[in-house]
Amino acid sequence: MRCPSCGYAESKVVDSRPSEDGASIRRRRECLDCGRRFTTYERLGDNPLVIVKSDGSSEAYNREKLFRGVLIACAKRPISSEQIAILIDDIELELRNDMRSEIKSKDLGEMVLARLRKLDDVAYVRFASVYKDFQNIEEFATALEGLD
Ligand SMILES: [Zn+2]
């Protein structure tokens with residue numbers, strides 16, 4: 001995002017929020033050279049986030065997959081899917097504000113845990129015990145289904 005005044009390539013994000021229609025992120029940026037503030041609208045998905053797993057392999061971030069993982073951890077707990085959506089929105093916003101393009105699977109797991117801890121102890125423990133490393137959502141799902 002080049003500064004519209006001086007053309008400098010680097011800016012910092014001073015504010016970030018979803019646009020009214022939810023299809024993009026509105027960002028206030030500040031040029032690191034001249035200090036001018038300007039607004040950008042970035043479509044979701046323009047900067048795909050990459051998850052780096054502990055074995056060094058990587059995959060594109062998938063919101064559905066993360067949602068499903070949290071949903072399973074919250075099974076039969078008094079947590080609505082809206083609360084889970086808010087939890088994930090919060091994580092995505094933090095990642096965007098940091099302008100992260102990749103994150104370790106373990107760190108993403110920690111971000112989920114930090115938020116689940118405030119919501120529900122049981123969901124927290126389930127997530128922590130089975131999904132420490134965010135390695136394999138299918139394995140996680142199977143393991144949690146076996147908990148009942
Ligand atoms: Zn500038």
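Higher on the page you've got the structure.
What counts as what
Residues numbered from 1 in each chain as written. Predicted model: local features only at pLDDT ≥ 70, side-chain atom pairs only at ≥ 80, totals over all residues. Heavy atoms only, no water. Axes fitted to C-alpha atoms, helices over the stretch in contact; angles between N-to-C directions. Helix = DSSP H or I, 4+ residues; strand = E, 2+ residues; numbered from the N terminus. Parallel < 35°, antiparallel > 145°, perpendicular 65-115°, else oblique. Left-handed = near helix turned anticlockwise from the far one by under 90°. Contact = heavy atoms within 4.5 Å. Nonpolar A, V, L, I, M, F, W, Y, C, P; charged D, E, K, R; others polar. Donors = N, O, S within 2.8 Å, 3.2 Å for Na, K, Ca; no water. Tetrahedral: all angles 85-135°; square planar, octahedral: opposite > 155°, others 65-115°. Buried < 20%, exposed > 50% of the residue type's maximum accessible area, 1.4 Å probe, protein only. Salt bridge = Lys/Arg side-chain N within 4 Å of Asp/Glu carboxyl O. Pairing = 2+ DSSP bridges.

A word on the packing of helix 2 (residues 81–97) against helix 3 (residues 105–119)
Put simply, helix 2 and helix 3 touch, their axes get as near as 10 Å, and they point 135 degrees apart. Judged by the angle between their axes, helix 2 and helix 3 are oblique. The handedness of the crossing between helix 2 and helix 3 is right-handed. For the pair helix 2 and helix 3, contact is made by Gln83, Leu87, Asp90, Ile91, Glu94 and Leu95 and by Leu108, Met111, Val112, Arg115, Leu116 and Leu119, respectively. Its residues assigned to classes, the contact of helix 2 with helix 3 shows eight nonpolar, one polar and three charged.

Remarks on unusual backbone geometry
Of note, the phi angle at Lys76 is positive, near 60 degrees, even though the residue is not glycine. By the element assignment, Lys76 lies in the loop between helix 1 (63–73) and helix 2.

A few points about the coordination of the zinc ion
Note on the zinc ion: its protein donors are Cys3 (SG), Cys6 (SG), Cys31 (SG) and Cys34 (SG). The metal-donor distances range over 2.2 to 2.4 Å. Classification of the site at the zinc ion rests on its four donor atoms, whose angles at the metal span 105 to 120 degrees, yielding the label tetrahedral. Residue classification places Cys3 among the buried residues on the basis of a relative accessible area of 4%.

Observations regarding the pattern of salt bridges
Oppositely charged side chains may form a pair once their charged atoms are brought near each other. Under the counting rule described, the total for this entry stands at nine salt bridges. Between Arg63 and Asp89 there is a salt bridge, with the nearest N and O atoms lying 2.9 Å from each other. Taken together, the positions of Arg63 in helix 1 and Asp89 in helix 2 put the pair 26 residues apart, joining distant regions of the chain. Judged by its relative accessible area of 26%, Arg63 is partly exposed.

Considerations on the sheet that holds strand 5 (residues 58–60)
Strand order in the open sheet formed by three strands is 5-4-6, and the pairing between neighbours is mixed. Because the sheet does not close on itself, it has two edges, and the strands there are strand 5 and strand 6 (102–104). Taking each pair of neighbouring strands and ignoring which way they run, the sheet shows an average axis angle of 25 degrees. Inspection of the sheet shows strand 4 (residues 50–52) paired to strand 6 by three bridges, in the parallel sense. Within strand 6, the position partnered with Ile51 by the bridge is Ile103.

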